[in-house]
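The chain contents come next:
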Amino acid sequence: MIKHVYLSAISEQHFPSLKGIYVHDNHLKTIDMEIFSSMKSLAWLYLNNNKIERVHGPIVGSTLKQLLLSSNRLTELDCCNWNLSSLTSFDLEKNKLKRLPTCLSSAMPIIDTINVGSNELEDDGFWSTITSMRSLQTLIVKHNSLSNVNLTNITVQLNSLDLSNNKLRNLTIPLTSGPLYINVKCNYIDEFDLPSMSSNISKLDMMCNPMDCSYSKMQIIGMNHSEAQYSICKTNGFGEHCYGPSCIPFS
């Protein structure tokens, strides 16, 4: 098991042809990101499944595309000194974050996939950060503590949003820039009003809520709002698909 990695000096370039670093499943606890700035060809950095509690230092990289910090022990992360102009995928699943990392949109301007599932994220500042990320397409936030959805910025390019196993009680998404799949399984949703949902939503999965109004766009095409809502709720009933200990109990 690797516990320490030490380079004696930071030269202008370390390993100039190196494209990938894979040190997952070890015992690393602290990461200084500055050392990776000198690796001018680095495209993949896998630091997942360690014991990382602290990530510090600036990183500038025009080639890094994928960064994995999942399954660690991070409680906070500051990205304000990062400049990752080519990063498209960032994985922070299974940490202990209560808030999203700071400066995400400026640190990684073309990011399209973020996984922050299985953290301790709350509403404070969450949606304002997300709506500032204009290239974001896939957002995974399952198993957190969010209680509302506030997607008011139509410039967001999301096409897949996973909010399963949070604390949502209602759902309103009036605007989307294009087709959007939404997963809100296993929340607390007991109110649903179809006119409050964008017509661009391609599929909604509400299984394991007090009210299950799951639907696909093809199911309700050609119907007015009243006909569609009646059809959806008649088809699904309330909670008939609820299974498992993590789902909401029904009386």
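This write-up is about the structure you can find in this document. Note that the structure is a prediction, hence the values are computed from the model and not measured.

1. Observations concerning the nonpolar core
Then step 1. Core analysis: the largest hydrophobic core is formed by 63 residues, its most contacted members being F36, W82, F90, W127 and L139.
Then step 2. For this core, the secondary structure elements donating two or more residues are strand 7 (82-84), helix 1 (104-107), helix 2 (126-130), strand 12 (180-183) and strand 13 (201-205).
Then step 3. When residues in this core are grouped by element, the largest group, three residues, is from helix 2.
Then step 4. Residues within four places of F36 in sequence aside, it is in contact with I21, I31, L42, L45 and I59.

2. Notes on the layout of surface pockets
Then step 1. Quantified by volume, the second largest pocket comes out at close to 450 Å³.
Then step 2. E76, L77, D78, P101 and T102 are the residues nearest the centre of the second largest pocket, which is lined by 24 residues in total.
Then step 3. The set of elements that each furnish at least two residues to the lining of the second largest pocket consists of strand 4 (54-56), helix 1 and helix 2.
Then step 4. Considering every element that reaches the lining of the second largest pocket, the biggest residue donor is strand 4, with three residues.
Then step 5. The class makeup of the residues in the lining of the second largest pocket is seven nonpolar, nine polar and eight charged.

3. So, the pairing of strand 12
Then step 1. Pairing between strand 11 (residues 160-162) and strand 12: three bridges, direction parallel. When the bridges of strand 12 are listed, L161 appears paired with I182.

4. Concerning the sheet that holds strand 12
Then step 1. Overall, mixed pairing links the ten strands, which are arranged 1-3-6-8-9-10-11-12-13-14 in an open sheet. With one partner strand each, in any of the chains shown, strand 1 (20-22) and strand 14 (215-216) form the two edges of the open sheet.
Then step 2. Of the pairings in the sheet, the one linking strand 3 (residues 44-46) to strand 6 (residues 66-68) comprises three bridges and is parallel in character. The residue bridging Y46 from the neighbouring strand is L68, located in strand 6.

5. A word on the packing of aromatic side chains
Then step 1. Taken as a whole and judged by the stated rule, the model has three aromatic pairs.
Then step 2. Measuring from ring centre to ring centre gives 4.8 Å for F126 and W127, while their planes differ by 85°; the resulting arrangement is edge-to-face.
Then step 3. Residue classification places W127 among the buried residues on the basis of a relative accessible area of 4%.

6. Here's the deal with the state of the cysteines
Then step 1. Applying the stated criterion to the full structure yields one disulfide.
Then step 2. Across the disulfide, C80 is cross-linked to C103 (sulfur-sulfur distance 1.9 Å). Handedness here is read from the sign of the S-S torsion; for C80 and C103, about 70°, the answer is right-handed. Highlighted residues: C80 in the loop between strand 6 and strand 7 and C103 in the loop between strand 8 (89-91) and helix 1, separated in sequence by 23 residues.
Then step 3. For C80, a relative accessible area of 38% corresponds to the partly exposed category.
Then step 4. Residue classification places C103 among the partly exposed residues on the basis of a relative accessible area of 31%.
Then step 5. Its sulfur unpaired, C79 is 7.4 Å from the next cysteine sulfur, which belongs to C80.

7. Quick look at the environment of S202
Then step 1. Here S202 is to be found in strand 13.
Then step 2. The spacing of S202 and Y181 is 21 residues in sequence and 5.6 Å in space, taken between C-alpha atoms.
Then step 3. Beyond its immediate stretch of four places on either side in the chain, S202 contacts P179, L180, Y181, S216 and K217.

Basis of the calculations
- Numbering of residues begins from 1 in every chain and follows the order in which that chain's sequence is written.
- Residues qualify for local features only when their pLDDT is at least 70, as the model is predicted, and side-chain atom pairs are given and counted only at 80 or more; totals for whole chains, interfaces and linings, by contrast, use all residues.
- For the side-chain quantities, the full set of heavy atoms in the structure was used; hydrogens and water were omitted.
- We define a nonpolar core as any set of buried Ala, Val, Leu, Ile, Met, Phe, Trp, Tyr and Cys residues linked to one another through side-chain atoms lying within 4.5 Å.
- The buried label goes to any residue with under 20% of its type's maximum accessible area, the exposed label to any with over 50%, and the partly exposed label to all in between, with areas taken from a 1.4 Å probe on protein chains only.
- For helices the rule is a DSSP run of H or I covering at least 4 residues; for strands it is a run of E covering at least 2, with both sets numbered from the N terminus onward.
- We call two residues contacting when some pair of their heavy atoms lies within 4.5 Å.
- In the cavity and pocket records, a cavity denotes points on a 1 Å grid over the protein atoms alone where a 1.4 Å probe fits but cannot get out, a pocket denotes an open set with protein on both sides within 12 Å along at least 5 of 7 lines, and lining residues are residues with an atom within 4 Å of a point.
- Grid points are joined across faces, edges and corners, and a volume is the space filled by probe spheres set on the points.
- For this scheme, ten residues count as nonpolar: Ala, Val, Leu, Ile, Met, Phe, Trp, Tyr, Cys and Pro. Four count as charged, namely Asp, Glu, Lys and Arg, and the remainder, Gly too, count as polar.
- A pair of strands counts as paired when DSSP detects no fewer than two bridges linking them.
- Classification of ring pairs rests on two measures: the distance between centres of Phe, Tyr or Trp rings, Trp counted by its six-membered ring, which must be within 6.5 Å, and the angle between planes, read as stacked under 30 degrees, edge-to-face over 60 and tilted in between.
- Disulfides are defined in this document as cysteine sulfur pairs within 2.5 Å.

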